[in-house]
Amino acid sequence: FVLNWEQELGFSGDPFKQEIITPVSSVIANLEKEREALNLFIIEKGTFAMLIGEHSTGKTILLKWLEEQLERYKRDMVVNYVEGRELKIEKLQEIMLKPFGYAATKEPIVSTLKQKLGNRRYILIIDGLERLTKEIASFFNTLCAYLEMQVIISSTKELEIPQAKEGEIDYFKNGLKIQLKEMHFDSAAEMIQKRIEKFGKKGVYPFDEELLKKMWDDSKKNTVKLLELCRKQAIGFAIKKSKGENIDDARSYEKEGIDTDKTKIEEKAPESSAKEKER
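Notes on the structure in this doc start here. (Residues numbered from 1 in each chain as written. Predicted model: local features only at pLDDT ≥ 70, side-chain atom pairs only at ≥ 80, totals over all residues. Heavy atoms only, no water.)

**Section: the overall build of the protein**
Point 1. Within the protein, the regular secondary structure consists of 11 helices and five strands.
Point 2. When burial is assessed residue by residue, the protein has 42% of its 279 residues classed as buried.
Point 3. At a minimum sequence separation of 6, the contacts of the protein that also span at least 24 residues come to 75%. (Helix = DSSP H or I, 4+ residues; strand = E, 2+ residues; numbered from the N terminus. Buried < 20%, exposed > 50% of the residue type's maximum accessible area, 1.4 Å probe, protein only. Contact = heavy atoms within 4.5 Å.)

**Regarding the layout of surface pockets**
Point 1. Taken as a whole, the largest pocket spans an internal volume of roughly 730 Å³.
Point 2. Contributing elements (two or more residues each) for the lining of the largest pocket: helix H3 (59-70), strand S2 (77-83), helix H7 (185-198) and helix H9 (223-242).
Point 3. The element best represented in the lining of the largest pocket is H3, accounting for four residues. (1 Å grid on protein atoms, 1.4 Å probe; cavity = no way out; pocket = protein on both sides within 12 Å on 5 of 7 lines; lining within 4 Å. Points joined across faces, edges and corners; volume = space filled by probe spheres on them.)

**Some remarks on helix H2 (residues 32-43)**
Point 1. If you check H2, its first and last C-alpha atoms are 16 Å apart, about what 12 residues at 1.5 Å a residue would give, namely 16 Å.
Point 2. On its buried face, H2 is in contact with strand S1 (48-52), H3, strand S3 (121-127), strand S4 (149-155) and strand S5 (176-179).
Point 3. Where H2 terminates, the next one or two residues include Lys45, which has phi positive at roughly 60°. (Expected span 1.5 Å × (residues − 1).)

**Side note on unusual backbone geometry**
Point 1. A cis amide bond links Thr22 with the next residue in sequence, Pro23, at an omega value of -5°.
Point 2. Checked against the element boundaries, Pro23 lands in the loop between helix H1 (5-8) and H2.
Point 3. Cis geometry is adopted by the peptide bond preceding Pro206, which originates at Tyr205 and carries an omega value of 10°.
Point 4. Even without being glycine, Lys220 reaches a positive phi, approximately 60°.
Point 5. The exposed category is assigned to Lys220, whose relative accessible area is 70%.
Point 6. Positioned with a positive phi, Lys221 is a non-glycine residue whose angle comes to about 60°.
Point 7. As for its placement among the helices and strands, Lys221 is situated in the loop between helix H8 (209-218) and H9.
Point 8. Residue Lys221 is classed as partly exposed on the basis of its relative accessible area of 40%.

**Remarks on the packing of H7 against H8**
Point 1. Where H7 meets H8, the closest approach of the two axes is 11 Å, and the angle between their N-to-C directions is 115°. Between H7 and H8, the crossing angle belongs to the class labelled roughly perpendicular. Considering how the two elements wind past one another, H7 and H8 form a crossing that is right-handed. Contacts between H7 and H8 involve Phe185, Ala188, Ala189 and Ile192 on the former and, on the latter, Glu209, Leu212, Lys213 and Trp216.
Point 2. Broken down by class, the residue content of the contact of H7 with H8 amounts to six nonpolar, no polar and two charged. (Axes fitted to C-alpha atoms, helices over the stretch in contact; angles between N-to-C directions. Parallel < 35°, antiparallel > 145°, perpendicular 65-115°, else oblique. Left-handed = near helix turned anticlockwise from the far one by under 90°. Nonpolar A, V, L, I, M, F, W, Y, C, P; charged D, E, K, R; others polar.)

**Comments concerning the pattern of salt bridges**
Point 1. All chains considered together, the criterion is met by 13 salt bridges.
Point 2. Lys17 serves as the salt-bridge partner of Glu19, at 3.6 Å between the closest nitrogen and oxygen.
Point 3. You can call Glu19 partly exposed: its relative accessible area is 44%.
Point 4. Residue Lys17 is classed as partly exposed on the basis of its relative accessible area, which comes to 28%.
Point 5. Across the pair Asp217 and Lys213 runs a salt bridge whose closest N-O atoms are separated by 3.1 Å. Of this pair, Asp217 and Lys213 both sit in helix H8, four residues apart, which is roughly one turn of that helix.
Point 6. Classification of Lys213 by relative accessible area gives partly exposed; the value is 34%. (Salt bridge = Lys/Arg side-chain N within 4 Å of Asp/Glu carboxyl O.)

Pasting the structure below:
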């Protein structure tokens, strides 16, 4: 009986859990060009950036990486990371004030933010926004007119940017666009390897490249599904190992799509049939 399967395989924890592992910089795979583009955006104080990509292309881990990198510059900036589904025009004031520890202000929000920020800039990171309304765009245009502010949004599709009101500067126009592409196997394997090494093992143990490629294909190139398959497979290996079985042997069976338990039953069948004939 195995309960702590991670320990059975020599892991210090679960490398395949469905969450962003921290520090993000230790597990993020590939995305070097995208990281460099965000870095330049921050340095050059651009106003608006949009990350566009289907599910499992790396949008969230990229934004989490950016948030982590900016943590060391608290003297110069206030960073606010929010989920896109939370972004409602009625809640925007509360969202913007959240980093300062309260949800409302009697003064105009621009005045309050300006006072709280001082010489710092405000960096708002919105993960998973699927619609940019006229009200939200206008609100941000107003804030950008009075504050040193940078807005970074991720979405599964390129958002339609509402036209600015007459006489209003359009800070969303001509912003940075980063198109995230479908992850390739090399990047997926690097992600799994970094997670495994984060929890104390080397390479892609207990898998090998061939088995990992099979799981990648079975996941239909979806990183969330890949992590699920890796976890299920690792638990299976942990149970086999607890019985004294060789993981290398079990792995070869898995690659060939052979159910080892079924194979053992079939191997025992002739013996049982002979006994029945004697009876």
